[in-house]
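Here are the chains, one letter per residue:
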There are 2 protein chains.
Amino acid sequence: MKDRVDYTLYLCTDRELMSCDTVEQSVREAVEGGATVVQLREKDVSSLEFYDLAVRVKEITDKYRVPLIINDRADIALAADCSGVHLGQSDLPCKVARKILGDRLIGVSVSTVEEAVRAQQDGADYLGVGAMYPTSTKTDTEFVTKEVLADIRAAVDIPIVIIGGINQSTLSNFKGMGIDGIAVISAIVSKPDIRAAACEIKRLWTE
Amino acid sequence: MKDRVDYTLYLCTDRELMSCDTVEQSVREAVEGGATVVQLREKDVSSLEFYDLAVRVKEITDKYRVPLIINDRADIALAADCSGVHLGQSDLPCKVARKILGDRLIGVSVSTVEEAVRAQQDGADYLGVGAMYPTSTKTDTEFVTKEVLADIRAAVDIPIVIIGGINQSTLSNFKGMGIDGIAVISAIVSKPDIRAAACEIKRLWTE
């Protein structure tokens, strides 16, 4: 499975930003519009609610053969038999998570060359590099310049997804840099037509 | 290991109620005073902080050969190689947690006969029954009468720990009911001398 992951359009969910009523609906529309990976992010919900949601979303991603990745919670990923987890710098260390996740996917958020190299050494399957710009979901994050992004790309071999302020206008700044995909939240889920937004942003990135 | 768990004095940690500076110190003193099981409860900390704390506390509980149980988070329990998890009714379902935890301990919080029977059917190793009284940590919880506690004891075979308002004064109300242990938070960790409080409450319960 790992060799075949297509990171082109990596959707992160956001319950507060989405234009539709349910996370399931936003995922369905985004995947129908061309999202190739889905990361389920939840805060302030119980473990039971997170698990139940993961099970429901996985029915959708399975149907479209898209990997479902759980933010932070390796137990939810294991319990709902998801493809993997995405770990921030304040989540479980990648090396520790690897021990309990076997060969499931592990992505790690990084913003420096040092973090990127360490994540690769610790067994990460891919990196989420950012934030590239200020965003509504992350306002206190350190930003990554294009120069640092290029340095990270040169320093590691594993796939890189860029995140943080990537939208229809900004994505062109990162073409030709060897980036494997763009991670998008609001530029897809907050649009009135999620399917069309996903389709359009994928077209702009891949054309 | 499971057959040998002594539930007599089950300590739950609480960062906000403890009289000393660190969770590690409160656990050390409680275990030295006679706590036989420790459950680590954390809210509003990152997964990394929770994991790091679990690793530090486990050094103490291992030294005293006391099981360390993690509240809610099966991933933290697996990552820090703890004895098990304790699940509330809004955490992962016991049956699901069992699949990812192998033969580690699973405790389930219940307040009705139905919940107790289901937890046993779903593979729980022990039950936390409560709240027996209003407490500073749980104010919105449904209370369990002595009659319901007796019904639960009659309905299941697995060990029962009672929780919620159990202290030096109230514990005598539950003697002779076939209860395996008392779960205590503030009656131990909020006392100026945690070691002495644990020792005293254990003496009162077992005498």
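Residues numbered from 1 in each chain as written. Chains lettered and ligands numbered in written order. Predicted model: local features only at pLDDT ≥ 70, side-chain atom pairs only at ≥ 80, totals over all residues. Heavy atoms only, no water.

Draft legend 1. Local environment of the sheet that holds strand E3 (residues 68–71) of chain B. Residue and element names in this part refer to chain B. As summarised here, the arrangement of the eight strands in space is E1-E2-E3-E4-E5-E6-E7-E8, forming a closed barrel in which the pairing is parallel. On average, adjacent strands in this sheet sit at an angle of 25° to one another, irrespective of strand direction. As paired elements, strand E1 (residues 9–12) and strand E8 (residues 181–184) share three bridges and run parallel to each other. Bridging from a neighbouring strand, Leu-9 pairs with Ile-182 of E8. Packed onto the sheet, helix H2 (residues 47–63) meets strand E2 (37–40) and E3 and runs at close to 160° relative to E3. Contacts from helix H6 (residues 146–155) reach strand E5 (105–110), strand E6 (126–130) and strand E7 (160–163), with the element oriented near 160° to E7. (Pairing = 2+ DSSP bridges. Helix = DSSP H or I, 4+ residues; strand = E, 2+ residues; numbered from the N terminus. Axes fitted to C-alpha atoms, helices over the stretch in contact; angles between N-to-C directions. Contact = heavy atoms within 4.5 Å.)

Draft legend 2. Quick look at the relation of the copies chain B and chain A. Once chain B has been moved 0.0 Å along the axis and rotated by 180°, it coincides with chain A to within an RMSD of 0.0 Å. The superposition operator between the copies reduces to a two-fold rotation axis. Every residue of chain B has its C-alpha some distance from the rotation axis, and the shortest such distance is that of Asp-75 of chain B, at 2.3 Å. A share of 100% of interface residues in chain B that are also interface residues in chain A marks the association as one of identical surfaces. (Least-squares fit on C-alpha atoms with pLDDT ≥ 70 in both.)

Draft legend 3. Quick look at helix H4 (residues 94–101) of chain A. The buried fraction of H4 of chain A amounts to six of the eight residues, a majority that puts the element mostly inside the structure. Listed in full, the buried residues belonging to H4 of chain A are Cys-94, Val-96, Ala-97, Arg-98, Ile-100 and Leu-101 of chain A. Where the residues of H4 of chain A are buried, they touch helix H3 (74–79), strand E4 (84–87), strand E5 (105–110) and helix H5 (113–121) of chain A together with H2 and helix H3 (74–79) of chain B. Directly after H4 of chain A, the chain includes Gly-102 of chain A, whose backbone phi takes a positive value near 55°. (Buried < 20%, exposed > 50% of the residue type's maximum accessible area, 1.4 Å probe, protein only.)

Draft legend 4. Up close: the pairing of E3 of chain B. Residue and element names in this part refer to chain B. Residues Leu-68 and Ile-70 point to one face of E3 and Ile-69 and Asn-71 to the other, with burial holding for every one of them. Of the pairings in the sheet, the one linking E2 to E3 comprises three bridges and is parallel in character. Across the sheet, residue Gln-39 finds its bridge partner in E3, namely Ile-69. Regarding the hand of the β-α-β motif, the stretch spanning E2, H2 and E3 is right-handed. Bridging between E3 and strand E4 (residues 84–87) involves three bridges; their strand directions are parallel. Across the sheet, Ile-70 pairs through a bridge with Val-85, a residue of E4. In the classification by handedness, the crossover that spans E3, the intervening H3 and the parallel E4 is right-handed. (Right-handed = clockwise from strand over helix to strand, strands pointing away.)

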